[in-house]
Amino acid sequence: MKKLVNNPVNVVDEMVEGYVRAHPDYIKQLSSNNRALVTVRETKQNKVGILIGGGSGHEPGFMGYVGEGMADGVAVGNIFSSPSPDPILEVTKSINKESGVVYLYGNYAGDVMNFGMAAEMADLEEDIEVGMAIATDDVASAPKEEKEKRRGIAGELFIYKAAGAAADFGCNLEEVVRIARKANDHTWSMGVGTSPCYHPQTGKPSFEIGDDEMEIGLGHHGEPGLEKGPLETADKLADRLLNDILIDSGITKGDEVAVLVNGLGSTPKMDLYIVYRRVEQILSEQGIKIYCSYVGDYITSLEMGGCSVTLMKLDDELTKVMDHPVNCPMFVQK
Amino acid sequence: MELTSNGLKDFFKEVAGMVETEKDYLCELDRKLGDGDHGVTMSIGWQAIHDKLTNELVDTEDCGKISVTIGKTFLNAVGSSVGPLYATGFMRGAKIAKNKTVLNEKDLAAYWVAFANGVKERGQAEVGDKTMVDTLAPFAETLKTCFDDTQDFETAFSTAVNAAEAGMNSTKDMISKKGRSSRLADRSIGVQDPGATSAYFILSTFLKVIKSNSSKTA
């Protein structure tokens, strides 16, 4: 696999340095830890701080979502690996405005341990109150009854959006956590993989898949999904993903939703819009109203091929958070 | 036998060297179960440790401080899930080694039992889940029983490493129940767990170090 890198050992640090230098009016590195990044914009005193984070390789996730209306800081991990507690704690100290900090991350063993350790340290050593909301939107990763075991994939974007808006509205820590968790409970995703990504530090593909195959329910680190099968047309694929989401979520006629069709890194916008076209057709046939839609590479897996579909079922409160403007280097909503 | 602070540091340097040698093999195992980077992850952590050993820790003689620094360094460099697991292990060991410049046989047995129990507690995994606990739990149990019986650390540790190896081998036939590979279900059968493998390598490296240590003193 051809990559534009220098020494593979340094890819994460060099990417972070490039990002911070490209967007100096949005984000800066803390001098205490080069994997701890915070907004440079003025944030209101007493606003609850929003901290996001996870492994690298998901760009524009996660550092691309530090900005107005979303997160105040991000802890950056190694490729597909949770950040350690140290950068998480440094960001926490920096973005705390006397009202506590909410951690948003995906449900992976490493993230749960590292963010958990950082939260304990913030409480014990710094006396900062920390709340958490963990994304568990991937329908394919565990049965409905075990939602708490599901992993978080592209639906994390909606959780950031909800928490970021709630913090801007002036909600206290408990309320921000409640709204973020509610957003997670109302969000369902499912993905498909068509080609692997290549880990820059091993040069090897993340999984094996034939040219004529696809894997339904694939995770965004290349974790195997529900089944491997022959490559289908965009319409058939969208039918399958959406059908599983609708059955699991119980979203039905008369409901209103936000839709995200997320590319995993190497799937062209052309393909994503073709998938969206079919998603829109089905939802409209079933009398489900699309309130807002997002199509593009929001949370990727290096150059993995494929996409995921996410629906968030809206009510008045979640509609309000989706309307809230965002201004991040990688995501602008007016 | 005894292990001085320099002996402890030599062991950690040996591990750093071993990880570089086994890096590709560990990635290869992980490619079948995870995202294929376990060797890279271990290498990032142990290279950072090697750096500390050759700089900040050169004059440190307190085995407790050395062990805490090793744990924290690994954690900060790695994150991931192995970061907190190994960090907890080395920090639990550090409690035993606190304020000691030389570790006697009893300290060493207690150190490794605390290490293994710390990892198990942090990760909340049980034997049979296809994780490093499958190496570490039988290792700690054997070490404790055997040392209580014989009061001879080298014999007990050597027997315990055999139990660790058997534990590592047993992961081949298991279904993964923890972490990302747990989504594989049946597809995880037939592959030896990379975390169980690197844990065994670390223990066998320690055995190598104490053997060469005792042949030097004998």
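Residues numbered from 1 in each chain as written. Chains lettered and ligands numbered in written order. Predicted model: local features only at pLDDT ≥ 70, side-chain atom pairs only at ≥ 80, totals over all residues. Heavy atoms only, no water.

J.: Is there a simple way to explain the overall build of chain B in this structure?
T.: Counting its secondary structure elements, chain B contains eight helices and two strands. N-terminal to C-terminal, the α/β element order of chain B is β-α-α-α-α-β-α-α-α-α. Taken over C-alpha atoms, the radius of gyration comes to 16 Å for chain B, in line with the 17 Å a tight globule of 218 residues would show. Within chain B, the proportion of its 218 residues that are buried is 56%. The long-range share in chain B, meaning contacts at least 24 apart out of those at least 6 apart in sequence, stands at 70%. Roughly 8,800 Å² of accessible area belongs to chain B as shown, and the carbon and sulfur atoms make up 48% of that amount. Computing the positive centroid from 26 side-chain charges and the negative centroid from 30, chain B places the two 5 Å apart. (Helix = DSSP H or I, 4+ residues; strand = E, 2+ residues; numbered from the N terminus. Rg over C-alpha atoms; globule rule 2.2 N^0.38 Å. Buried < 20%, exposed > 50% of the residue type's maximum accessible area, 1.4 Å probe, protein only. Contact = heavy atoms within 4.5 Å. Areas by Shrake-Rupley, 256 points an atom, 1.4 Å probe, with all protein chains shown as cover. Lys, Arg positive; Asp, Glu negative; His and termini not counted. Charge placed at Lys NZ, Arg CZ, Asp CG, Glu CD.)

J.: Would you mind going over the overall build of chain A with me for this structure?
T.: Each helix and strand in chain A was counted, giving eight helices and 14 strands. Taken against the 2.2 N^0.38 rule, which gives 20 Å for 334 residues, the C-alpha radius of gyration of chain A at 19 Å falls within 12% of a compact globule. Here chain A holds 334 residues, and the buried ones make up 60% of them. With the model as given, the accessible surface of chain A reaches about 12,900 Å², and the carbon-plus-sulfur share is 49%. A distance of 4 Å separates the average location of the 31 positive side-chain charges in chain A from that of its 51 negative side-chain charges.

J.: How should I be thinking about the nonpolar core in this particular structure?
T.: Generally speaking, soluble globular proteins have nonpolar side chains that are buried together. One finds A:Ile50, A:Ile52, A:Tyr65, A:Val74, A:Leu104, A:Val176 and A:Phe331 to be the most contacted residues of the largest nonpolar core, which totals 62 residues. Among the elements that take part in this core, helix H4 (residues 156-168) of chain A stands out by supplying nine residues, more than any other. Ignoring any residue separated from it by four or fewer positions in sequence, one finds A:Ile50 in contact with A:Met70, A:Ala71, A:Asp72, A:Gly73, A:Ile95, A:Val102, A:Leu104, A:Ala163, A:Gly164, A:Ala167 and A:Val176. With 58 residues, the next largest nonpolar core counts B:Ala156, B:Phe157, B:Phe201 and B:Ile202 among its residues. (Core = buried A, V, L, I, M, F, W, Y, C linked by side-chain atoms within 4.5 Å.)

J.: Help me understand the packing of aromatic side chains, please; the structure alone is not making it clear to me.
T.: Two measures describe an aromatic ring pair: the distance that separates the ring centres and the angle between the ring planes. Evaluated as defined, the whole model comprises 31 aromatic pairs over all chains. Residues A:Tyr65 and A:Phe331 carry aromatic rings whose centres are separated by 6.1 Å and whose planes lie at 90° to one another, so their mutual orientation is edge-to-face. Here A:Tyr65, found in the loop between strand S3 (49-56) and strand S4 (73-79), pairs with A:Phe331, found in strand S14 (residues 331-333); they are 266 residues apart in sequence, far enough to count as distant. Accessibility classification places A:Tyr65 together with A:Phe331 in one group, the buried group. Between B:Trp112 and B:Phe139, the ring centres sit 6.3 Å apart and the planes meet at 85°, which makes this aromatic pair edge-to-face. Of this pair, B:Trp112 sits in helix H5 (residues 105-123) while B:Phe139 sits in helix H6 (residues 133-150); the two residues are 27 residues apart in sequence, bridging distant segments of the chain. For B:Trp112, a relative accessible area of 1% translates into the label buried. What makes B:Phe139 buried here is its relative accessible area of 0%. Over the ring of A:Tyr26 we find A:Arg41; its NZ or CZ atom is 4.3 Å from the centre of that ring. Seen from the ring of A:Phe169, A:Lys320 lies directly overhead, with NZ or CZ sitting 4.9 Å from the centre. (Phe/Tyr/Trp six-rings, centres within 6.5 Å; stacked < 30°, edge-to-face > 60°. Lys NZ or Arg CZ within 6 Å of the ring centre and 35° of its normal.)

J.: I tried to follow the sheet that holds S4(A) on my own but got confused; where do I start?
T.: Paired through backbone hydrogen bonds, the strands of a sheet run either parallel or antiparallel to each other. Residues and elements named next belong to chain A. One open sheet accounts for six strands, arranged S1-S2-S4-S3-S5-S6; its pairing is mixed. Strand pairing shows two members of the sheet lacking a second neighbour, strand S1 (27-30) and strand S6 (130-135), which therefore form its edges. Direction aside, the axes of adjacent strands within the sheet are offset by 25° on average. Two strands pair when backbone bridges link them, and S1 and strand S2 (residues 33-39) are joined in this way by four bridges, in the antiparallel orientation. Across the sheet, the residue bridging to Gln29 is Leu37, located in S2. (Pairing = 2+ DSSP bridges. Axes fitted to C-alpha atoms, helices over the stretch in contact; angles between N-to-C directions.)

J.: Would you explain the state of the cysteines in this entry?
T.: Covalent bonding between the sulfur atoms of two cysteines defines a disulfide. For the structure on display, the rule yields zero disulfides over all chains. Lacking any disulfide linkage, A:Cys197 is separated from the closest cysteine sulfur, that of B:Cys27, by 13 Å. We note that A:Cys328 lacks a disulfide partner, and the nearest cysteine sulfur, in A:Cys292, lies 16 Å from it. (Disulfide = S-S within 2.5 Å.)

J.: Can you help me understand unusual backbone geometry in this one?
T.: Excluding glycine, residues mostly have negative phi values, and the peptide bonds linking residues are mostly trans. The linkage connecting A:Glu59 with the following residue, A:Pro60, adopts the cis geometry, with an omega of 5°. Between A:Gly61 and the following residue, A:Phe62, the backbone shows a cis peptide bond with an omega angle of 0°. Relative to the helices and strands, A:Phe62 is located in the loop between S3 and S4. Even without being glycine, A:Glu98 reaches a positive phi, approximately 75°. Structurally, the position occupied by A:Glu98 is in the loop between helix H2 (85-95) and strand S5 (101-106). The phi dihedral of B:Gln151 falls on the positive side, at around 60°, and the residue is not glycine. Examined against the element boundaries, B:Gln151 turns out to sit in the loop between H6 and helix H7 (153-170).

J.: It is not clear to me how empty space enclosed by the protein should be interpreted in this structure. Could you clarify?
T.: Rolling a probe over the atoms, with the probe sized like a water molecule, indicates the empty space that remains. All names here are of chain A. As enumerated under the stated definition, the model contains five cavities of 30 Å³ or more in all. In this structure, the largest cavity spans a volume of roughly 100 Å³. Taken together, 15 residues make up the lining of the largest cavity; nearest its centre are Gly54, Gly55, Tyr108, Asp111 and His221. In terms of residues, the lining of the largest cavity owes the most to one element, S3, which gives three residues. In terms of residue class, the lining of the largest cavity is made up of three nonpolar, nine polar and three charged. Estimates place the volume of the second largest cavity at around 60 Å³. (1 Å grid on protein atoms, 1.4 Å probe; cavity = no way out; pocket = protein on both sides within 12 Å on 5 of 7 lines; lining within 4 Å. Points joined across faces, edges and corners; volume = space filled by probe spheres on them. Nonpolar A, V, L, I, M, F, W, Y, C, P; charged D, E, K, R; others polar.)

J.: Would you take a moment to explain the UniProt feature "domain: DhaK" (unreviewed entry) in chain A for this structure?
T.: Per the UniProt entry, the sites bearing "domain: DhaK" (unreviewed entry) are residues 7-331 of chain A in this numbering. Span residues 7-331 of chain A is 33% helix and 26% strand, its end C-alpha atoms 29 Å apart. (UniProt positions renumbered as here; feature names shortened; annotations may be inferred.)

J.: How should I be thinking about helix H2 (residues 38-54) of chain B in this particular structure?
T.: Owing to its 3.6 residues per turn, the α-helix brings residues three or four apart onto one side. In this model H2(B) runs 24 Å from its N-terminal to its C-terminal C-alpha over 17 residues, within 8% of the 24 Å that 1.5 Å per residue would give. Of all the residues in H2(B), the buried ones are B:His38, B:Gly39, B:Val40, B:Thr41, B:Met42, B:Ser43, B:Gly45, B:Trp46, B:Ile49 and B:Leu53. (Expected span 1.5 Å × (residues − 1).)

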